[in-house]
Amino acid sequence: MSIRTQGHKCRMSFSPCCGVLCAVIVFFLSGCAGTITKPLSVCPGKSNAAEALDALQSQSQNKIPLFARGNCSIKYYENNEEKKQHLSIKVFLIKPPSEIYIQASAGVVDKAVVLGSNAKEFWLEAKPEQISKYWWGLWSEQNHDAGIMINPRTLLEALGIAEIDTDEEGWSLSNEGAFDVLTKTSQNATIKKIYIYCCDYRIRKIEYFDNHGVPSAVAQLDDYRELSQGLFIPFKIVINSMSEIIEDSLVVNLTLESVKPATEKQQKFSIVRSQPKGFDHIYRVINGQPIEQ
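Quick notes on the rules
- Residues numbered from 1 in each chain as written.
- Predicted model: local features only at pLDDT ≥ 70, side-chain atom pairs only at ≥ 80, totals over all residues.
- Heavy atoms only, no water.
- Helix = DSSP H or I, 4+ residues; strand = E, 2+ residues; numbered from the N terminus.
- Buried < 20%, exposed > 50% of the residue type's maximum accessible area, 1.4 Å probe, protein only.
- Areas by Shrake-Rupley, 256 points an atom, 1.4 Å probe, with all protein chains shown as cover.
- Phe/Tyr/Trp six-rings, centres within 6.5 Å; stacked < 30°, edge-to-face > 60°.
- Disulfide = S-S within 2.5 Å.
- pLDDT = per-residue confidence, 0-100.
- Pairing = 2+ DSSP bridges.
- Salt bridge = Lys/Arg side-chain N within 4 Å of Asp/Glu carboxyl O.
- Contact = heavy atoms within 4.5 Å.
- Core = buried A, V, L, I, M, F, W, Y, C linked by side-chain atoms within 4.5 Å.

Take the overall build of the protein next. If you tally the helices and strands in the protein, you get 3 helices and 17 strands. With 293 residues in all, the protein has 52% of them scored as buried. Total accessible area on the protein stands at roughly 13700 Å², and carbon and sulfur atoms take up 47% of it.

Once that is clear, we can look at the packing of aromatic side chains. Evaluation of the coordinates by the stated rule reveals 8 aromatic pairs. Judged by centre distance (4.8 Å) and plane angle (55°), the ring pair of phenylalanine 67 and phenylalanine 92 falls under tilted. Pair noted here: phenylalanine 67 is in strand β3 (residues 66-78) and phenylalanine 92 is in strand β4 (residues 81-95), with a separation of 25 residues, a long-range link. Owing to a relative accessible area of 12%, phenylalanine 67 belongs among the buried residues under this scheme.

What follows deals with the state of the cysteines. According to the stated counting rule, one finds 1 disulfide in the structure shown. In this model cysteine 43 forms its disulfide with cysteine 199; the gap between the sulfur atoms is 1.9 Å. Its S-S torsion of approximately 95° makes the covalent link between cysteine 43 and cysteine 199 right-handed. You can see cysteine 43 sitting in the loop between β2 (9-12) and α1 (49-60) and its partner cysteine 199 sitting in the loop between β11 (189-197) and β12 (202-209), a full 156 residues away along the chain. With relative accessibility at 26%, the residue cysteine 43 sits in the partly exposed group.

This paragraph deals with the confidence of the model for the protein. On average, residues of the protein score 76 in pLDDT, and 74% of them reach the 70 mark or higher. Here strand β1 (residues 3-6) stands out as the least confident element of the protein, with mean pLDDT 33; strand β9 (residues 171-176) is the most confident, with 95.

Most of strand β8 (residues 133-138) is tucked away: 6 of the 6 residues are buried. By the alternation rule, side chains of β8 split into Lys133, Trp135 and Gly137 and Tyr134, Trp136 and Leu138, which are all buried. Looking at chain direction, strand β7 (residues 121-126) and β8 are connected through 6 bridges and run antiparallel. Its bridge partner lying in β8, phenylalanine 122 is registered against glycine 137. Here 4 bridges tie β8 to strand β16 (residues 281-286), and the two strands are oriented parallel to one another. Bridge assignment links tyrosine 134 to a residue of β16, and that residue is isoleucine 282.

In this section: the pattern of salt bridges. One pass over the full model with this rule turns up 8 salt bridges. For lysine 84, the salt bridge is made with glutamate 82, and the minimal N-O distance between the two is 3.7 Å. Given the relative accessible area of 55%, lysine 84 is considered exposed. According to the relative accessible area criterion, glutamate 82 is partly exposed, its value standing at 37%. Its salt-bridge partner being aspartate 200, residue arginine 202 comes within 3.4 Å of it at the nearest N-O pair. Overall, the relative accessible area of 18% leaves arginine 202 in the buried class. Its relative accessible area of 24% is what places aspartate 200 among the partly exposed residues.

Note on placement: serine 105 falls in strand β5 (residues 99-106). Owing to a relative accessible area of 12%, serine 105 belongs among the buried residues under this scheme. Among all residues touching serine 105, those that are not within four sequence positions of it are His86, Leu87, Ser88, Asp110, Lys111 and Ala112.

To continue, consider the nonpolar core. Membership of the largest hydrophobic core comes to 50 residues, with the highest contact counts inside it found for Leu87, Ile89, Leu182, Ile194, Ile196, Ile203 and Leu256. The contact partners of isoleucine 203, leaving out residues within four places of it in the chain, are Leu56, Ile194, Tyr195, Ile196, Leu221 and Tyr224. Formed by 12 residues, the second largest nonpolar core is a distinct cluster that contains Phe92, Ile94, Ile271 and Phe279.

Time to look at the pairing of β3. A regular strand carries its side chains on alternate faces of the sheet. Two elements, β3 and β4, share 13 bridges in a ladder whose sense is antiparallel. The residue bridging arginine 69 from the neighbouring strand is lysine 90, located in β4.

Turning next to the environment of lysine 90. By the element assignment, lysine 90 lies in strand β4. Sequence spacing of lysine 90 and phenylalanine 67 is 23 residues, and the spatial spacing of their C-alpha atoms is 7.4 Å. Beyond its immediate chain neighbours, meaning those up to four positions away, lysine 90 contacts Phe67, Ala68, Arg69, Tyr101, Ile102 and Gln103.

Below is the structure:
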């Protein structure tokens with residue numbers, strides 16, 4: 001992973017979900033190169049953006065508190081040398097979309113990466129190998145994407161249980177073969193594209209763009225399974241950074257092994273930001289931009 005500095009400001013390139021992992025390191029979320037391709041049937045899509053948004057919103061309303069376990073592999077580059085990291089993860093989705101906690105362990109290091117979010121703030125702790133960094137921010141100080149790399153809500157979006165922005169003025173709908181494509185624009189710039197498979201109307205790909213409309217990351221979702229009535233979760237999440245600079249590229253392949261409704265005890269898990277002690281670098285995120293403190 002590469003961190004570029006200018007003065008006291010720092011720009012992290014990834015590419016919220018996790019992921020997250022040092023890069024997620026969320027977001028736990030950057031992907032894997034090889035994607036499984038299957039022949040897809042072609043079904044009729046929705047007539048307009050309003051119908052598509054309504055269908056996604058109805059699915060997100062089925063969300064419940066969840067606890068998940070899985071594995072994550074990360075590939076990144078330092079000094080043109082490929083680095084790999086393998087982690088086991090625990091995910092607490094207590095009160096989506098605000099209360100989320102992800103803990104990643106690497107070997108004997110129990111909390112190599114921690115990603116957390118509550119109604120007020122979010123944070124990311126990373127201590128695998130040479131990485132010793134801590135990011136945090138207030139939700140009230142973020143713009144629409146809040147920095148995809150460390151935005152916990154990105155993971156919920158990849159899981160298909162995020163709150164859907166139903167502001168129809170910013171959305172348009174097109175069709176590409178087997179997929180309906182919802183495109184979100186802001187100030188004449190594309191900020192997101194959601195590819196929905198028309199036959200089951202589940203999200204299969206999300207493309208993210210920066211504030212200038214330049215592609216920044218793509219998330220691919222697969223292996224959906226039904227956990228409860230009307231609640232389907234993808235057990236494979238892949239997010240690729242879109243950087244052409246090798247030092248800025250990051251690949252994270254997230255595979256869930258088990259996802260279950262959270263027990264009463266797990267639902268009482270307190271998600272509170274820990275103080276940044278023992279980290280070499282501490283950053284406060286404002287409008288998606290990390291500023292070293």
